[in-house]
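Structural description and commentary
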Amino acid sequence: MKLFLSLALFAAFLLCPTACADGVREGLSLAAVQALPALFPFFVVSGLLVRCDTARLSPLLAKPLARLYGLPPEAAPALVLGLIGGYPVGAATACALLSEGVLSREAAERVNRFCNCASPGFCVGLVGLGVFGSAQAGAMLYGIHIISALIVGLFFARTPLSALSQRIHNRNRTSFPSIFCASVQQAASTALTVTAFLTMFPSCCGCFAVFALLPYGNVLDGMIELTNGLDELTVLTLPRRTRLTLASFLLGFGGLAVQFQVRALAEAHDLPAHGLFAAKLLHGTLAAMLTAFLFALSPAVLTVSSPELTPISVRFRYTLAVLFVSALYPIWGGKSAGNDI
């Protein structure tokens, strides 16, 4: 199978050199214009945080992480940065925590399965305003995206971590200039990996235009490279509800380009990536189901407005508050349960 896939790639690149070159240019442009400006600062910050005593910064998350996900408090940076930093900041942080001796391999593998999410800027700016002309729709999709990720984490936390893997402290304490230099160097290495995969997968999409033969098949390019599929949603004549549901699924699944970025970072640190595809597929499915349910419950919540920013409606504020409370409920619920013990 490996030989067949390698020969297929070789033949595709040999027979479609123009499409391959266009894909490389597209990938490099995507990395330089959109991805790295948004991700690189988070790569540096994640490196700084994992080299500090982050357990002191996460007392609120300690009990819910342990009770809900079976994770030590040191996993908090990977979870928090993964939820807000964008793909693949969560994976980069989990790998850094592992290499610094802060997390065990078992704990890093667990958090890595659900800590890789799209950033709020990506959801609101590119998806909300860029695809649907509505910041409101993008914010709602981001809320659904995060809730789905937190639910996915529960599916992989049924087996408790071994006592030996709960907490490891092999960290060497150094000065801030030292950890800053190390963080920037590590961020540069991670950025190079991200750029390589963002360059490779658009060229694959150009060479293997199989999805284009299917009705509305171009949107399935998002299963390979996320932004390509999202761009196709702008020209589809599907109903609004269907396009929003598709966008929600693609955001959760992330595309193979993102998943291979996560795998590449994990393998560089000898971190297993078992179950990653299943976790992202479950993430996308849950997000799509929640989006369809929310739209059926209140279509105005995900109304697509004009490209101009419009005042946020009262109903939207109410719904956003409900989603926010729903996202925080596992944290407060875990904390209250812990206090009852």
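Residues numbered from 1 in each chain as written. Predicted model: local features only at pLDDT ≥ 70, side-chain atom pairs only at ≥ 80, totals over all residues. Heavy atoms only, no water.

1. Overview of the overall build of the protein
Let me state the cut-off plainly: Under the DSSP-based scheme used, a helix requires at least four consecutive residues in state H or I and a strand at least two consecutive residues in state E, with every element numbered from the N terminus. Only protein chains enter the accessibility calculation, which uses a 1.4 Å probe; a residue whose area is less than 20% of its type maximum is buried, one above 50% is exposed, and one in between is partly exposed. Pairs of residues are marked as contacts when any of their non-hydrogen atoms sit within 4.5 Å. For accessible areas, the Shrake-Rupley method is used with a probe of radius 1.4 Å. Any residue's cover is judged against the shown protein chains and nothing else.
In terms of helices and strands, the protein carries 14 helices and zero strands. Across the protein, helices and strands are ordered from the amino to the carboxyl terminus as α-α-α-α-α-α-α-α-α-α-α-α-α-α. Across the 341 residues of the protein, 49% fall into the buried class. In the protein, 79% of the contacts between residues at least 6 apart in sequence involve partners at least 24 apart. In the structure as shown, the protein presents an accessible area of about 16,000 Å², 69% of it carried by carbon and sulfur atoms.

2. Some words on the nonpolar core
To keep things clear, this is the line we draw: The set of buried Ala, Val, Leu, Ile, Met, Phe, Trp, Tyr and Cys residues whose side-chain atoms join them within 4.5 Å is what this entry labels a nonpolar core.
By size, the foremost hydrophobic cluster in this structure holds 76 residues, and its most contacted members are Leu71, Phe122, Val127, Phe132, Leu230 and Leu251. Each residue touching Leu71, except ones within four places of it in the same chain, is listed here: Leu65, Ala66, Ala107, Arg110, Val111, Phe114 and Leu161.

3. Describing the packing of helix α12 (residues 255-268) against helix α13 (residues 276-297)
Defined as follows: Axis definition: a line fitted to C-alpha atoms, limited for helices to the stretch in contact. Angles are taken between N-to-C directions and run from 0 to 180 degrees. Roughly parallel here means an angle under 35 degrees, roughly antiparallel means over 145, roughly perpendicular means 65 to 115, and every remaining angle is called oblique. Here a crossing is called left-handed whenever its near helix is offset anticlockwise from the far helix by less than a right angle, and right-handed whenever the offset is clockwise. Side-chain classes follow a simple rule in which Ala, Val, Leu, Ile, Met, Phe, Trp, Tyr, Cys and Pro form the nonpolar group, Asp, Glu, Lys and Arg form the charged group, and the remainder, Gly included, forms the polar group.
Between α12 and α13, whose axes approach to 11 Å, the crossing angle comes to 140°. On the basis of the axis angle, α12 is oblique to α13. Classified by chirality, the crossing of α13 by α12 is right-handed. Contacts between α12 and α13 involve Leu256, Gln259, Val262 and Arg263 from the former and Leu276, Phe277 and Lys280 from the latter. For the contact of α12 with α13, the residue count by class is four nonpolar, one polar and two charged.

4. A few points about the packing of helix α5 (residues 89-99) against α12
Packed helices, taken two at a time, are described by the angle between their axes plus the distance between the axes. For the pair α5 and α12, interaxial distance at closest approach is 9 Å and the crossing angle is 5°. Between α5 and α12, the crossing angle belongs to the class labelled roughly parallel. Here α5 contributes Ala91, Ala92 and Cys95 to the contact with α12, which in turn contributes Val262, Leu265 and Ala266. Here the contact of α5 with α12 is built from residues that sort into six nonpolar, no polar and no charged.

5. Points about helix α8 (residues 135-155)
To keep it simple, the criterion reads: To estimate how far a helix should reach, multiply one less than its number of residues by 1.5 Å. Pairs of N or O atoms are called polar contacts if they sit within 3.5 Å, as long as, within protein, a hydrogen donor faces a hydrogen acceptor (for residues adjacent in sequence, only side-chain-to-side-chain pairs).
Between its first and last C-alpha atoms α8 spans 31 Å; for 21 residues at 1.5 Å apiece the expected length is 30 Å, and the two agree. For α8, the N-terminal cap is Ser134; the gap from its side-chain oxygen to the backbone nitrogen of Gln136 is 3.4 Å.

6. Concerning a nonpolar patch on the surface
Basically, it comes down to this: Here the term patch refers to residues with relative accessible area over 30% and no salt bridge, with like charges joined within 9 Å and nonpolar side chains (Val, Leu, Ile, Met, Phe, Trp, Tyr) within 5 Å. Salt bridges are counted wherever a side-chain nitrogen of Lys or Arg sits within 4 Å of a carboxyl oxygen of Asp or Glu.
On the surface, Met1, Phe4 and Leu5 cluster together into a nonpolar patch covering about 390 Å² of accessible area. Residue placement: Leu5 occurs in helix α1 (residues 2-15). Using a relative accessible area of 44% as the deciding quantity, one classes Leu5 as partly exposed.

7. Thoughts on the side chain of Ser148
As for its placement among the helices and strands, Ser148 is situated in helix α8. Filtering out sequence-adjacent residues up to four positions away, Ser148 remains in contact with His283, Leu286, Ala287 and Leu290.

8. Details of the side chain of Ser104
Structurally, Ser104 can be placed in the loop between α5 and α6 (105-112). In this structure Ser104 comes out as buried when scored by relative accessible area, which is 7%.

9. Things to note about helix α11 (residues 240-253)
The end-to-end C-alpha distance of α11, which contains 14 residues, comes to 20 Å, matching closely the 20 Å that a straight helix rising 1.5 Å per residue would cover. Counting buried residues along α11, ten of its 14 residues qualify, which places the element largely inside the surrounding structure. Residues of α11 that are buried in the fold lie against α7 (120-132), α8, α10 (226-232), α12 and α13. Gly254 sits one or two positions beyond α11 and adopts a positive phi of about 85°.

10. Some details on the environment of Leu30
Mapped onto the secondary structure, Leu30 falls in helix α2 (residues 17-50). Put simply, Leu30 and Thr227 are 197 residues apart on the chain and 8.9 Å apart in space, counted from C-alpha to C-alpha.

11. A few points about unusual backbone geometry
Here the amide bond leading from Tyr87 into Pro88 is cis, since omega sits at -15°, within 30 degrees of zero. The phi angle at Asp270 is positive, at roughly 55°, despite the residue not being glycine. Locating Asp270 in the fold gives a position in the loop between α12 and α13. Looking at Asp270, the relative accessible area reads 56%, which means it is exposed.

12. Some remarks on the pattern of salt bridges
Considering all chains together, one arrives at three salt bridges under this definition. Here Asp22 and Arg25 are joined by a salt bridge, their closest N and O atoms 2.5 Å apart. Linking Asp22 with Arg25, this pair stays in helix α2, spanning three residues, or about one helical turn. Across the pair Asp270 and Arg105 runs a salt bridge, and its minimum N-O distance is 3.9 Å. Separated by 165 residues along the polypeptide, Asp270 in the loop between α12 and α13 and Arg105 in helix α6 bring together distant segments of the chain. Taking the relative accessible area as the measure of exposure, Arg105 reaches 37% and is therefore partly exposed.

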